[in-house]
Amino acid sequence: MEITFRKADRLKDHPDESSLSFGTRFTDYMFIMDYESEKGWHSPRIEPYGPMLMEPSTMVLHYGQAIFEGLKAYRSASGAIQLFRPKENLKRLNRSAERLCMPALDEDFVLKAMVELLKIEKGWVPEAPGTSLYIRPAIIATDPYIGLRASHTYRFFIILSPVGAYYPEGFNPVKIWVTSHYVRAVRGGVGEAKTAGNYAASLYATELAHKEGYTQVMWLDGVELKYVEEVGAMNIFFMIGNELVTPMLNGSILSGVTRDSVIRLAESWGTKVTQRRISIDEIYAAHDQGELKEVFGSGTAAAISPVGHIKYDGREIIIGNGGVGPFAARFFKELMDIQYGRTADPFGWVMPLE
Ligand code: COI
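(A) Quick peek at unusual backbone geometry. Of note, the phi angle at Cys-101 is positive, near 60°, even though the residue is not glycine. Here Cys-101 is to be found in the loop between helix H2 (86-99) and helix H3 (107-120). Relative accessible area serves as the criterion here: at 52%, Cys-101 is assigned to the exposed category. If you check the backbone angles, Ala-303 has positive phi at about 60° while not being a glycine. Inspection of the secondary structure assignment puts Ala-303 in strand S16 (residues 303-312).

(B) Region of the structure containing the site of the ligand. Taken together, the residues surrounding the ligand are Phe-68, Gly-70, Tyr-134, Arg-136, Tyr-166, Lys-194, Tyr-199, Ala-233, Thr-300 and Ala-301. Between the ligand and Tyr-134, the relevant distance is 2.5 Å, taken from an oxygen atom to a side-chain nitrogen or oxygen of the residue. In this structure, Arg-136 approaches the ligand through a side-chain N or O atom, which is 3.5 Å from an oxygen atom. Protein burial of the ligand: of its 290 Å² of free accessible surface, 89% is covered by the chains. Split by residue class, the shell around the ligand holds six nonpolar, two polar and two charged. Of the domains in this structure, domain 1 (4-163) and domain 2 (174-339) are the two that each give at least three residues to the shell around the ligand.

(C) A look at the nonpolar core. Core analysis: the biggest nonpolar cluster contains 49 residues, and Phe-31, Leu-118, Ile-135 and Phe-156 have the highest contact counts within it. No other element matches the eight residues that H3 contributes to this core. If near-sequence neighbours (up to four positions away) are discounted, Phe-156 is found in contact with Phe-31, Ile-32, Met-33, Trp-41, Leu-93, Leu-105, Val-110, Pro-137, Ala-138 and Ile-139. By size, the runner-up hydrophobic cluster in this structure holds 26 residues, among which are Tyr-167, Val-178, Ile-278 and Leu-292.

(D) Inspection of the domain arrangement of the protein chain at higher detail. For the protein chain, the assigned domains read domain 1 (4-163) and domain 2 (174-339). For domain 1 versus domain 2, the distance between C-alpha centres works out to 27 Å. Residue-level contacts link 21 residues of domain 1 with 20 residues of domain 2. Here domain 1 meets domain 2 over a buried area of about 1,700 Å², counting both sides, of which 55% is carbon and sulfur. Considering only the side of domain 1, the residues that lose the most area to domain 2 are Phe-68, Phe-84 and Arg-92, jointly responsible for 34% of the buried surface there. Run the count over domain 1 and domain 2 and you get one salt bridge. Across the salt bridge formed by Asp-260 and Arg-85, the nearest N and O atoms sit 2.9 Å from each other. One can count 15 residue pairs in polar contact (both at pLDDT 80 or more) joining domain 1 with domain 2. Of all elements in the fold, only strand S4 (66-68), strand S5 (71-75), strand S6 (81-84) and H2 reach the threshold of two or more residues within the side of domain 1 that touches domain 2. Looking at the side of domain 1 that touches domain 2, the element that brings in the most residues is H2, giving six residues.

(E) Spatial organisation of empty space enclosed by the protein. Under the counting rule described, the total for this entry stands at one cavity of 30 Å³ or more. Computed from the structure, the largest cavity encloses a volume of approximately 100 Å³. The wall of the largest cavity is formed by 14 residues, among which Tyr-74, Phe-84, Thr-258, Thr-300 and Gln-339 lie closest to the centre. Residue classes in the lining of the largest cavity are distributed as seven nonpolar, six polar and one charged. Among the domains, domain 1 (4-163) and domain 2 (174-339) are the pair contributing at least three residues each to the lining of the largest cavity.

(F) Representation of the layout of surface pockets within the structure. What the largest pocket holds in volume is close to 620 Å³. Surrounding the largest pocket, 31 residues form its lining, Tyr-166, Tyr-199, Gly-232, Ala-233 and Met-234 being those nearest its centre. Elements supplying a minimum of two residues to the lining of the largest pocket: strand S7 (132-141), helix H4 (196-211), helix H5 (257-268) and strand S15 (292-299). Counting residues per element, the lining of the largest pocket draws most heavily on H4, which supplies five residues. Considering only residue class, the lining of the largest pocket consists of 13 nonpolar, 13 polar and five charged. Both domains that meet at the lining of the largest pocket, namely domain 1 (4-163) and domain 2 (174-339), each give it at least three residues.

(G) Looking closely at the packing of aromatic side chains. If you walk through the whole model with that rule in mind, you get 20 aromatic pairs. Between Phe-237 and Phe-296, the ring centres sit 5.3 Å apart and the planes meet at 10°, which makes this aromatic pair stacked. One end of the pair, Phe-237, is in strand S12 (residues 235-240); the other, Phe-296, is in strand S15, with 59 residues separating them in the sequence. Of the residues examined, Phe-237 reaches a relative accessible area of 0% and is grouped as buried.

Parameters and conventions
Residues numbered from 1 in each chain as written. Predicted model: local features only at pLDDT ≥ 70, side-chain atom pairs only at ≥ 80, totals over all residues. Heavy atoms only, no water. Helix = DSSP H or I, 4+ residues; strand = E, 2+ residues; numbered from the N terminus. Buried < 20%, exposed > 50% of the residue type's maximum accessible area, 1.4 Å probe, protein only. Near = heavy atom within 4 Å. Polar contact = N/O pair within 3.5 Å; in protein donor to acceptor, adjacent residues only side chain to side chain. Areas by Shrake-Rupley, 256 points an atom, 1.4 Å probe, with all protein chains shown as cover. Nonpolar A, V, L, I, M, F, W, Y, C, P; charged D, E, K, R; others polar. Domains from an automatic or database assignment. Core = buried A, V, L, I, M, F, W, Y, C linked by side-chain atoms within 4.5 Å. Contact = heavy atoms within 4.5 Å. Buried area = accessible area lost by both parts, 1.4 Å probe. Salt bridge = Lys/Arg side-chain N within 4 Å of Asp/Glu carboxyl O. 1 Å grid on protein atoms, 1.4 Å probe; cavity = no way out; pocket = protein on both sides within 12 Å on 5 of 7 lines; lining within 4 Å. Points joined across faces, edges and corners; volume = space filled by probe spheres on them. Phe/Tyr/Trp six-rings, centres within 6.5 Å; stacked < 30°, edge-to-face > 60°.

This is the structure we're talking about:
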């Protein structure tokens, strides 16, 4: 399939890189492609970023048949641009598509389209420390129909956003609130898929957490409300004694690309990593015994985010001294060094743009 290009009449001013926040600015162009049952995916095109016209009856607006991904393009000191494990995001996009009854994409073609878009937009990849170009691919259901079934038509698009740190705290520890009332996902549900509804489901408890002065919610399992699953926009890791523990993927937890990278980095250092069920009670007990050394989250947007405080069932614990622990600092540094091309990439994770 040939990708067509429609030029913008006028290009936007670029934001001030020293004060970039997350997800507020978008580049000049986007990639779009449509799906119809008879034609498959068709009409791939790069066109000026702008509103998408849709009828109020469009299915995604009613039944939330929407999935997305998040990855980043990083600028190295030499000015080169590189992607981090993009194929993993595209594989996960197709896994989410299957779960949401959407047609699969040709991952090689989508990667090619993403690269073509990025080559046009490479001037938007910021170079200030800690900044990057966030890439948001998404698929939405587009049938103008309000009966409940899977849509027969879809739109795939990729938009780009120059970003700074996800949390206002930057790389400083965040405060996490554990809810023992609300759940994000349940056994047999769509927790593992990167679908819009999971994020909508998280909003109410997140607002409660904010009111209490906490940044994010830590979710417990939806069956027993006992085992830790994940945190707002991240997977979660606990350093207990000398062992790095993270909840095992059980169908209701997002299989994070950064999560996997943390596990593989830790293993390469000789650190014992265990993926298993871990209860919130065990975490509090480890803290009380002085064994809970560090807690941190991982995600594309959030990168590595240390956790300084956890509040559960009316009791707040402070991890370490509430500051950044040595493991979180090392993961942050080593991941960033690979992502920004400051060090060799022994894992083959980085894909240069050209
Ligand atoms: C990401 O980390 O890329 C995500 O998609 C999480 C989102 C809430 C920003």
